[in-house]
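Analysis of the macromolecular model
What follows is the residue order along each chain.
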Amino acid sequence: MTPDHLTTTFAALSDPTRRAILARLVTGQATVTELAAPFAMSLPAVSRHLKVLEHAGLITRGREAQWRPCRIKAGPLKEVADWVAHYRRFWTESFDRLDDYLRDVQKKEKNHGHRKHHGK
Amino acid sequence: MATGSIMANEEQELVLTRVFDAPRELVFKAWTDPKQVAQWWGPHRFTNPVCDLDVRPGGAIRIHMRGPDGTVYPMTGVYNEVVEPERLVFTSAALDADGNPMFEVLTTVTFAEQNGKTKQTMRARVIKTTTHAAPYLKGMEAGWTQSLERLAESLAKA
C-alpha cells in the first residue's frame, strides 16, 4: 500500500459526482459528453472532475483529440478496498475480543463479588 | 452477546456499531485502562507489547501491535476528547517502516446505555495525508461510502 496513492485516491473519491462518474464507467467506456449528461453541470466542470480522477490514476483517457473515451482503472480502487477491508477486520476482530474480555471480567466479578471484595 | 453492523452514513464516515452485554462504565474502562486495552486491541492472535495511553485531551496514544508472525505494527495517536463514560475522540496514525505517519484517521467512539447493555458506536474518517498530497487535498475531506466499497469490490473481482 503506497500512502500517497491511497490518500490521493481517497481525495478523488470524496466527491459524489466523481463517484457517480466511476460508477457509470464500470459499465463501460464513455466520452465527456456522455458522462456529463446525467449532471446539471457544464462540460468544463465535468472535465475538471475527470482530471482529478485521471491524476489519481482511477481512469485513463484515449488519445483521440475529439473523442477521448474514459476508461476506469481498477488498481487504486483495489487499494482502497484493501484498506477498508483491513480496517474492518481490525475493528471487528478487536471488538470480538473486547466482547470476550468483558464477559470474562463479569464472570470473575460474579464469582468473587458476593462478599463485596474490591481487591486492590 | 454482541451484535454488530458496519455501514457508511451520509457524511461518508465508516460507522461500526456493537452492543456489549456489559455496563457502560465497564466498557469505558476497557477502553481507557492500558492493561485492559492491551488484552483486546487488534485482530485475533495479536498481542500488544507496548500500550501507553495518556487518557486526557491532548494525551498521547502509543501502541505496538505484534502479529502472530512477529511483525510489529506501531501506531501513535492523541486524544481529542475524553468524556467519561460516554465518549472518546482520538486521532491516530499508522506509521510506515521509517516511522512516518502514512495517514491519519479521526475516530469517535460513543457509549450509550441500552437496558443494562452498552451500545458502542464508532465513526472513523480519514482526515490527513502525507505532506506530498496535502496541497492537492486542500479544503477536501476524504471519505468513503459503502457504495464505493461495493464498486471497488466489483472492480477487484473483474
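The subject of this paragraph is the overall build of chain A. When its secondary structure is counted, chain A shows 5 helices and 2 strands. Taken from N to C terminus, the helices and strands of chain A fall in the order α-α-α-α-β-β-α. The 120 residues of chain A split such that 27% are buried.

Looking now at unusual backbone geometry. All names here are of chain B. Cis geometry is found at the peptide bond from E84 to P85, where omega equals -5°. Within the element layout of this structure, P85 appears in the loop between β5 (72–83) and β6 (87–95). Notably, N115 is not glycine yet its phi reads approximately 50°, a positive angle. Assignment of secondary structure puts N115 in the loop between β7 (101–114) and β8 (117–128). Overall, N115 belongs to the exposed group, with 7 C-beta atoms counted inside 10 Å.

Now for the environment of C70 of chain A. All names here are of chain A. For C70, the location among the structural elements is in strand β2 (residues 70–72). On the neighbour-count criterion, C70 (22 C-beta atoms within 10 Å) is buried. Once the C-alpha coordinates of C70 and T31 are considered, the two residues, 39 residues apart in sequence, prove to be 6.1 Å apart. Beyond its immediate chain neighbours, meaning those up to four positions away, C70 contacts L25, Q29, A30, L35, L50, I59 and R61.

A word on the confidence of the model for chain B. Residues and elements named next belong to chain B. Averaged over every residue, the pLDDT of chain B is 76; residues scoring 70 or more account for 65%. Of all the helices and strands in chain B, helix α3 (residues 134–137) carries the lowest mean pLDDT, 34, while strand β3 (residues 47–53) carries the highest, 96. Here residues 1–12 is modelled with pLDDT under 50, and outside its nearest four sequence neighbours on either side it reaches 29 contacts, counting other chains as well. What the predictor reports for the complex is a pTM of 0.66 with an ipTM of 0.73.

With that settled, consider the pairing of β3 of chain B. Strand residues, when the strand is regular, have side chains that alternate between the two faces of the sheet. Residues and elements named next belong to chain B. In this structure, β3 lies alongside strand β4 (residues 60–66), joined through 5 bridges in antiparallel fashion. The residue bridging V50 from the neighbouring strand is H64, located in β4. Where β3 folds back onto β4 in an antiparallel hairpin, the turn is made up of 6 residues, including G58, whose phi is positive at roughly 90°.

Once that is clear, we can look at helix α4 (residues 43–55) of chain A. Residues and elements named next belong to chain A. The end-to-end C-alpha distance of α4 is 18 Å, a good match for the 18 Å that 13 residues give at a rise of 1.5 Å each. Residues H49, L50, V52 and L53 constitute the buried set of α4. In a view along the axis of α4, the buried residues occupy a sector of 155°, so they form one face of it. Pointing more than 90 degrees away from the buried face of α4 are the exposed residues L43, P44 and K51. Note on α4: the residue one or two positions beyond its end, G57, has a positive phi of about 75°.

Turning next to the confidence of the model for chain A. The pLDDT averaged across chain A works out to 81; a share of 84% of its residues lies at or above 70. Looking over chain A, one finds the lowest element-wise mean pLDDT in helix α1 (residues 3–13) of chain A, namely 73, and the highest in α4 of chain A, namely 92.

Note on placement: S47 of chain A falls in helix α4. Given 15 C-beta atoms within a 10 Å radius, S47 of chain A is considered partly exposed.

Our focus in this paragraph is the nonpolar core. Ranked by internal contacts, the top residues of the largest apolar core, which has 20 residues, are A12, L25, L53, L58 and I59 of chain A. Put simply, the parts of the chain that give this core at least two residues each are α1, α2 (16–26), α3 (32–36), α4 and β2 of chain A. At 5 residues, α1 of chain A tops the list of elements feeding residues into this core. Counting residues in each nonpolar core, the second largest holds 19 residues, with F20, W40, L53 and L88 of chain B among its members.

What follows deals with the packing of α2 of chain A against α4 of chain A. For any two helices packed against each other, the geometry comes down to the angle between their axes and how far apart the axes lie. Residue and element names in this part refer to chain A. The geometry of α2 relative to α4 is characterised by a closest axis approach of 10 Å and an angle of 75° between their N-to-C directions. Between α2 and α4, the angle falls in the class roughly perpendicular. For the pair α2 and α4, contact is made by T17, R18 and I21 and by H49, V52 and L53, respectively. Taken together, the residues of the contact of α2 with α4 sort by class into 3 nonpolar, 2 polar and 1 charged.

Position of V27 of chain B among the secondary structure elements: in helix α1 (residues 24–32). Once the C-alpha coordinates of V27 of chain B and Q120 of chain B are considered, the two residues, 93 residues apart in sequence, prove to be 8.8 Å apart. If we ignore the near neighbours within four places in the chain, the residues touching V27 of chain B are L102 of chain A together with F20, A22, F111, T118 and Q120 of chain B.

About the criteria used
Residues numbered from 1 in each chain as written. Chains lettered and ligands numbered in written order. Predicted model: local features only at pLDDT ≥ 70, side-chain atom pairs only at ≥ 80, totals over all residues. Helix = DSSP H or I, 4+ residues; strand = E, 2+ residues; numbered from the N terminus. Buried ≥ 20, exposed ≤ 12 C-beta atoms within 10 Å, placed from the backbone. Contact = placed C-beta atoms within 7 Å. pLDDT = per-residue confidence, 0-100. Pairing = 2+ DSSP bridges. Expected span 1.5 Å × (residues − 1). Arc of directions from axis to C-beta. Core = buried A, V, L, I, M, F, W, Y, C linked by C-beta atoms within 7 Å. Axes fitted to C-alpha atoms, helices over the stretch in contact; angles between N-to-C directions. Parallel < 35°, antiparallel > 145°, perpendicular 65-115°, else oblique. Nonpolar A, V, L, I, M, F, W, Y, C, P; charged D, E, K, R; others polar.

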